[in-house]
Amino acid sequence: MVGPMTITERARKKAEKLDRLGELSAARDEERGVSLWQEAFRRLRRNPAAIVGTVVLGLFLLVAIVGPFFVPYAPTDTIGIREGLVKSGQGIIPGPSGDHWFGFDHQGRDEFSRLVVGARQTLLVGVVSTLIGLAIGALVGGVAGAAAGLGGRWGRWIDTALMRVVDMMLALPSLLLAVSIAALLGASLTTVMIAVGVVSVPVFARLLRGSMIAQANSDYVLAATSLGVRRSKIAIGHVLPNSLAPVIVQATLTLATAIIEAAALSFLGLGNPDTAIPEWGVMLADAQPYLGIRPALAIYPAVAIIITALGFTLLGEAMREALDPKLRK
Amino acid sequence: MFRFIVRRLLQLIPALFGLSILLFIWLHRLPGGPETAILGERGTPEMRAAIRENLGLDEPILVQYGRFMQRMFRLDLGTSIATKREVTTEFLQRFPGTVELAATAMIIAILVGIPLGYLAARRRGRLLDHVSVAGSLIGVCIPVFFLAYVLKAIFAENLHLFPASGRQDPTIEATRITNFFVLDGLMTREWDAAADALWHLVLPGLALASIPLAIIVRITRASVLEVLGEDFVRTAEAKGLTERVVRQRHVLRNAMLPVATTIGLLTGGLLSGAVLTETVFAFSGIGAFIADSISQRDYPVLMGFIMIIAVVFVLVNLLVDLSYSLIDPRVRVR
């Protein structure tokens, strides 16, 4: 007599069947060929570092986008001074309490609200400056790479000229470059974004150029050339999309350094002079004179910067690993 | 080898020429001039004009550039507008401090980073590996000046283990020869001065070392892992060589090439970090001085300092390229 299958047995059988199905479809996938990006994404999903990085960044984005609508106090409201709780001149800056979770800053403003609102500004500085660097760097690197790989003798000449300029930018210490740009344009939020962005231009330019030159030697370019496709079309339609992976990885990593460098500029007094809208770098710089009284004022924004930068770095490194052709199976 | 060095040095000339033109244009486009820095907002137009004429800033920019180049060929970098001292003197007095600081940071980063990265690779997946990978990820994310403040607050102001600022205790009467304080102390056998200068270097050096250290650990680990997977390592182990021989001759030596490249690239970045660390620890090097010079529009100092820094940077990279052939005899520099 065949007894009825227990529930666990049935579940196990079902699971086995599903596993086989998965294997079969995976095998079919392999036959069909999976694109670089699909496979990279699959490996990314299995990497714990990528998951942690994504969660951290997701939280950061959430706080930056919706946070400012839910803060208990306006970030510019000097409530602590109005209520006579904060006297920074006499070294009285109260710490956390039930009403003010992270206490007050030196001007009697609610520290928690400032941190939350500051997330948006910090995100803005990071994203815009990275985009500036990416746009200029990709343009320079793309032209140089296309010229070097496909442009013949003239192309090599253009490439050499562009790369000499890039090398000269690399020869200057990055902070010095940023400081001089900031001095040139006068202190403002835009200045910070331009200064931090320009610093990353040579990195993006060199990366894209190298990646495009490597791609220019591959078989598909030869095939396209022999089919009579125009060189400009090969460069933009074939080589460029295949060369973007390292640039995207670098952009993720640059988001982290951009936030840190913006903080460094603020520390040197070249940040956004308008402290009404809080930004973590400015908050950290503003807290320096009060380190002896209430070090937490420096620690909050510093920890926020470190965690956010860590999120970008984790995700960037995981992407680099996932896209590395050497590690593909 | 000799031809390689000569060619690289010759390449330096057009690069410096281009850099000097760019710098000159950039500097003279900065809003406000040294006269604003000297007089503030109060100066009358006549006083401003007098200062500009005195400094030769009223002449066409081409003439000014020509004069600058003329002096350059005589290795004369001019006089600082702010301190009224020769730029070369200022440089020789301050540069050794930054070099000492950068060297300390690099030595810490290399001595800790390479062994740590190697051990992490050998024990892949174990606790030490996880800790060093996590540490190196966090290391690059900490703002240098924040780390500097934390180190200063804990080890100098609370525990009083290290001095909080400066390069030397003012109560020590040290003889100056090269302005490398540690070296001076050793040369004159003023051991207490040398030890004190070294003591002043520990905290800023540690703060400055954080980013290079993190990067060196990561590169060494990745590079050793790659070499460990090579066939020749398996062959070496299979033919019964001792672990020490395999480790030193086969693994480490082959893994050092990318590490050497990275160290060369990091040297330029050290200067950026030095500006911040020098500010926190009131350490008189060139970093803080350059930042001041920008705000005071001290043209001669900026031109001179940045040109010398560029030369130093190129020379460091030349040394790194030369070190390749020492590490790997297969690499021939041509």
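Since the model is a prediction, treat every value here as computed from it, not as a measurement.

1. Details of the overall build of chain B
- Tallying secondary structure elements over chain B gives 13 helices and zero strands in all.
- When the helices and strands of chain B are read in sequence order from the N terminus, they spell out α-α-α-α-α-α-α-α-α-α-α-α-α.
- Projected onto its principal axes, the C-alpha positions of chain B cover 85 × 55 × 40 Å.
- Buried residues in chain B amount to 46% of all 334 residues.
- Expressed as a percentage of contacts within chain B between residues at least 6 apart in sequence, the contacts between residues at least 24 apart total 73%.
- Taken as a whole, chain B presents about 17,400 Å² of accessible surface, with 64% of it coming from carbon and sulfur.
- Within chain B, one finds 33 positive and 28 negative side-chain charges whose respective centroids are separated by 11 Å.

2. Thoughts on the interface of chain B and chain A
- Listed per partner, the contact involves 32 residues of chain B and 31 residues of chain A.
- Taken together, both faces of the contact between chain B and chain A bury some 2,700 Å²; the carbon and sulfur share is 84%.
- Three residues, Cys141(B), Phe145(B) and Phe146(B), lead the burial of chain B against chain A; their summed loss comes to 22% of the area buried on that side.
- There are one salt bridge connecting chain B and chain A.
- For Arg218(B), the salt bridge is made with Glu317(A), and the minimal N-O distance between the two is 3.5 Å.
- Counting the contacts that link chain B with chain A gives one residue pair in polar contact (both at pLDDT 80 or more).
- Listed by contribution, the elements that provide at least two residues to the side of chain B that touches chain A are helix 1 (2-29), helix 6 (127-139), helix 7 (144-158), helix 9 (191-228), helix 11 (243-280), helix 12 (286-295) and helix 13 (299-327) of chain B.
- It is helix 11 of chain B that contributes the most residues to the side of chain B that touches chain A, seven residues altogether.
- In terms of residue class, the side of chain B that touches chain A is made up of 24 nonpolar, four polar and four charged.

3. Some remarks on the pattern of salt bridges
- Per the counting criterion, the structure on display carries nine salt bridges over all chains.
- With its nearest N and O atoms 2.6 Å apart, the salt bridge here joins Asp159(A) to Arg209(A). Taken as a pair, Asp159(A) in helix 6 (residues 152-171) and Arg209(A) in helix 9 (residues 201-216) lie far apart in primary sequence, 50 residues in all. When sorted by exposure, Asp159(A) lands in the same class as Arg209(A), which is buried.
- Note that Glu243(B) and Arg122(B) form a salt bridge whose closest N and O atoms lie 3.5 Å from each other. Taken as a pair, Glu243(B) in helix 11 and Arg122(B) in helix 5 (residues 87-122) lie far apart in primary sequence, 121 residues in all.
- The exposure class of Arg122(B) is partly exposed, given its relative accessible area of 31%.
- Taken together, the shared-partner salt bridges in this structure form one network comprising Glu317(A), Arg320(A) and Arg218(B).

4. Observations regarding the environment of Leu123(A)
All names here are of chain A.
- In this fold, Leu-123 is placed in helix 5 (residues 111-150).
- Leu-123 sits 42 residues away from Val-165 along the chain, and the two C-alpha atoms are 30 Å apart.
- Discounting chain neighbours no more than four positions away, the residues touching Leu-123 are Phe-60, Leu-61 and Ala-64.

5. With respect to the side chain of Arg221(B)
- Examined against the element boundaries, Arg221(B) turns out to sit in helix 9.
- In this view, Arg221(B) contacts Gly117(B), Ala120(B), Ala121(B), Arg124(B), Asp129(B) and Val133(B); residues no more than four positions away in its chain are not counted.

6. Examining the packing of aromatic side chains
All names here are of chain A.
- Taken as a whole and judged by the stated rule, the model has seven aromatic pairs over all chains.
- Seen in terms of ring centroids, Phe-60 and Phe-312 are 6.4 Å apart; in terms of plane orientation they differ by 85°. Their pairing is edge-to-face. One end of the pair, Phe-60, is in helix 3 (residues 48-70); the other, Phe-312, is in helix 14 (residues 296-323), with 252 residues separating them in the sequence. Neither Phe-60 nor Phe-312 differs from the other in exposure class; each is buried.
- Considering the side-chain rings of Trp-154 and Trp-157, the 6.1 Å spacing of their centres and the 70° angle between planes classify their relative orientation as edge-to-face. Here the residue Trp-154 and the residue Trp-157 both occupy positions in helix 6, the gap between them amounting to three residues, near one helical turn.

7. Here we look at the packing of helix 9 of chain A against helix 12 (residues 245-267) of chain A
Residue and element names in this part refer to chain A.
- Packing of helix 9 against helix 12 leaves a shortest axis separation of 9 Å and a crossing angle of 160°. In terms of orientation, helix 9 lies roughly antiparallel with respect to helix 12. Along this stretch, helix 9 crosses helix 12, giving a crossing that reads as right-handed. Here Val-203, Phe-204, Leu-207, Leu-208 and Ser-211 of helix 9 come into contact with helix 12, specifically with Pro-246, Val-247, Gln-250, Ala-251 and Thr-254.

8. Some remarks on helix 4 (residues 61-73) of chain B
All names here are of chain B.
- In this model helix 4 runs 19 Å from its N-terminal to its C-terminal C-alpha over 13 residues, within 8% of the 18 Å that 1.5 Å per residue would give.
- Buried within helix 4 are the following residues: Gln-64, Tyr-65, Phe-68 and Met-69. Buried residues in helix 4, looked at end-on, bunch into an arc of 135°, giving them a common side. Residues Leu-62, Gln-70 and Phe-73 are exposed on helix 4 and point more than 90 degrees away from its buried face.
- After helix 4 finishes, the residue Leu-75 shows a positive phi value of roughly 60°.

9. What to know about the UniProt feature "transmembrane region" (unreviewed entry) in chain B
Residue and element names in this part refer to chain B.
- UniProt tags residues 9-27, 101-121, 133-155, 197-217, 257-290 and 302-327 as "transmembrane region" (unreviewed entry).
- The span residues 197-217 is 100% helical and 0% strand by assignment, and the distance between its end C-alpha atoms comes to 28 Å.
- Note that residues 302-327 is 100% helix and 0% strand, and that its end C-alpha atoms are spaced 37 Å apart.

10. Quick word on unusual backbone geometry
All names here are of chain B.
- If you check the backbone angles, His-160 has positive phi at about 55° while not being a glycine.
- Here His-160 is to be found in the loop between helix 7 and helix 8 (181-187).
- Of note in the backbone geometry, Ala-282 takes a positive phi value of approximately 45° without being a glycine.
- By secondary structure assignment, the location of Ala-282 is in the loop between helix 11 and helix 12.
- According to the relative accessible area criterion, Ala-282 is exposed, its value standing at 52%.

11. Focus on the nonpolar core
- Residues Leu265(A), Trp280(A), Phe145(B) and Phe305(B) are the most contacted members of the largest nonpolar core, which totals 133 residues.
- In terms of residue count, the dominant contributor to this core is helix 14 of chain A (17 residues).
- In this view, Trp280(A) contacts Phe60(A), Leu115(A), Gly118(A), Ala119(A), Thr122(A), Pro301(A), Ala304(A), Ile305(A) and Thr308(A); residues no more than four positions away in its chain are not counted.
- By size, the runner-up hydrophobic cluster in this structure holds eleven residues, among which are Leu208(A), Val221(A), Val239(A) and Val247(A).

Quick notes on the rules
- Residues numbered from 1 in each chain as written.
- Chains lettered and ligands numbered in written order.
- Predicted model: local features only at pLDDT ≥ 70, side-chain atom pairs only at ≥ 80, totals over all residues.
- Heavy atoms only, no water.
- Helix = DSSP H or I, 4+ residues; strand = E, 2+ residues; numbered from the N terminus.
- Buried < 20%, exposed > 50% of the residue type's maximum accessible area, 1.4 Å probe, protein only.
- Contact = heavy atoms within 4.5 Å.
- Areas by Shrake-Rupley, 256 points an atom, 1.4 Å probe, with all protein chains shown as cover.
- Lys, Arg positive; Asp, Glu negative; His and termini not counted.
- Charge placed at Lys NZ, Arg CZ, Asp CG, Glu CD.
- Buried area = accessible area lost by both parts, 1.4 Å probe.
- Salt bridge = Lys/Arg side-chain N within 4 Å of Asp/Glu carboxyl O.
- Polar contact = N/O pair within 3.5 Å; in protein donor to acceptor, adjacent residues only side chain to side chain.
- Nonpolar A, V, L, I, M, F, W, Y, C, P; charged D, E, K, R; others polar.
- Phe/Tyr/Trp six-rings, centres within 6.5 Å; stacked < 30°, edge-to-face > 60°.
- Axes fitted to C-alpha atoms, helices over the stretch in contact; angles between N-to-C directions.
- Parallel < 35°, antiparallel > 145°, perpendicular 65-115°, else oblique.
- Left-handed = near helix turned anticlockwise from the far one by under 90°.
- Expected span 1.5 Å × (residues − 1).
- Arc of directions from axis to C-beta.
- UniProt positions renumbered as here; feature names shortened; annotations may be inferred.
- Core = buried A, V, L, I, M, F, W, Y, C linked by side-chain atoms within 4.5 Å.

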